[in-house]
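Residue-level structure breakdown
Here's the letter readout for the chains.
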Amino acid sequence: MADIVRKRVVSVEGATVRERLQAMDDSAVVTAFLGGEERAFSELVTRYQTRLLNFVYRTIGDREKAEDLVQEVFIRVYRHLHRFDRSKKFSTWVYTIASNLAKNELRNRSRNPLVLFQTVQKNFQDEDRPLQFEDPTSRPDDMYRKRHLREIVEESVAKLPEHHRNVFILRELEGKSYEEIAEITDCNLGTVKSRLNRARNSFAEIIAPYVD
Amino acid sequence: MDCREFNEHHLAFVDDTLAGIELVRMQLHVAECTSCAKQDAKVRRALLLFRNLPSIEPSADFSERLEARLRASQNDNLFLTTQRNLRRGAIAATVASAMMLGYIGTTLYQSDMPRDLVMPPVVATLPEPDFTPITTSAPAIVTSVSAGLTLWPAAVFAEQVPVSFAHSNLELANYTR
């Protein structure tokens, strides 16, 4: 009986800690983790896993590899969090790591044609799988149209030059400010604006024939 | 506003970050210029499509795999730390052994060496200086002094006499020529 009561107390305490962590901003969660609260790291993973996955996936275009890279991001965060400059934004730091890993991946692919071939082949195979994010109750022709449109958009983004695509995704998908993008991509503000403007115009040009 | 200026400010126009006056100018240009209006609509529509892309979710085993990788990474770290500590310990032991061997070697070498002979200190005294009286070393000069002439003019005179004579002889020879 005493054990059950103790377990309940622990679980209530655990829930309280989790709730408290959820209510904190990133900086406070980081401080909690560095103070020895291991659950704070899970909170950071929960907050960033989907956002980072989307960002990396849109950048490199390979879902499995994107998951691997996001995991690598969290491992690096775990290892080096004590070195993180807490006067800066945690999200900017995390996106910088993710952006660098994605860039390295693209560079490796361009150097290794076999990897590029395998990625392309895998993406073709992925197209045969059922879609996960569409409403199965909707009409087949509607599903097909949506799926087709999504593929066109993804292909159009993939056609952008890497440095344009990176800025474009950070701004349009992640909603980052110009200043944050400049910090993440290690460029000056003028370069970010110029790349974003070009990326928008190029993307609009690429996709226009499909949607007009 | 011309089309070039419109394109320059288009980024901020789409992001809705333009100041009031600029915004009105841009809106006026869109209303007037068909080509810019078309481009503006094309960009906005494309962005709308991209922003509405369905979000992808991590796979079901994402957290488990991450945990496993974190654990493996921690083990790697532990292994690396242990290895590093062992390596440091080995280096310290080697250095300590080398120092110890050096010390033993030096001690043995010193005990084999013949010791220096210890001599009694040398006591020496300076000899007293030997004072000698000043003596004249030129008796001829002393002699000339006793003749009533000063030494120096007498010496000059004695040296110059033959020269002046020769000189007068030469002059005489010139005159007679």
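Attention in this report is confined to the structure presented alongside it.

**Brief notes about the overall build of chain A**
Within chain A, the regular secondary structure consists of 10 helices and 0 strands. Shown N-terminal to C-terminal, the secondary structure of chain A runs as helices and strands in the order α-α-α-α-α-α-α-α-α-α. Here chain A, with 212 residues, has 31% of them falling under the buried criterion. Here the contacts in chain A between residues at least 6 apart in sequence split such that 59% fall between residues at least 24 apart.

**Section: the interface of chain A and chain B**
In this complex, chain A contributes 28 residues to the contact, which on the side of chain B involves 23 residues. Elements with a contribution of two residues or more to the side of chain A that touches chain B: α3 (39-60), α4 (63-80), α7 (140-158) and α10 (189-211) of chain A. Here the element with the most residues in the side of chain A that touches chain B is α10(A); it accounts for 10 residues. Here the residues of the side of chain A that touches chain B sort into 15 nonpolar, 6 polar and 7 charged.

**Quick look at the nonpolar core**
Within the largest apolar cluster, 48 residues are counted, with the highest numbers of intra-cluster contacts made by Leu52(A), Val56(A), Val70(A), Val73(A), Val94(A), Ala98(A) and Phe203(A). Among the elements that line this core, the one with the most residues is α3(A), at 11 residues. Not counting chain neighbours up to four residues away, the residues in contact with Phe203(A) comprise Ser156(A), Val157(A), Leu160(A), Phe168(A), Ala46(B) and Phe50(B).

**Quick notes on helix α5 (residues 90-111) of chain A**
Look at α5(A): 32 Å from first C-alpha to last across 22 residues, which is about the 32 Å you get at 1.5 Å a residue. Those residues of α5(A) that fall on the buried side of the exposure criterion are Trp93(A), Val94(A), Tyr95(A), Ala98(A), Ser99(A), Leu101(A), Ala102(A), Glu105(A) and Arg109(A).

Cut-off values and rules
Residues numbered from 1 in each chain as written. Chains lettered and ligands numbered in written order. Predicted model: local features only at pLDDT ≥ 70, side-chain atom pairs only at ≥ 80, totals over all residues. Helix = DSSP H or I, 4+ residues; strand = E, 2+ residues; numbered from the N terminus. Buried ≥ 20, exposed ≤ 12 C-beta atoms within 10 Å, placed from the backbone. Contact = placed C-beta atoms within 7 Å. Nonpolar A, V, L, I, M, F, W, Y, C, P; charged D, E, K, R; others polar. Core = buried A, V, L, I, M, F, W, Y, C linked by C-beta atoms within 7 Å. Expected span 1.5 Å × (residues − 1).

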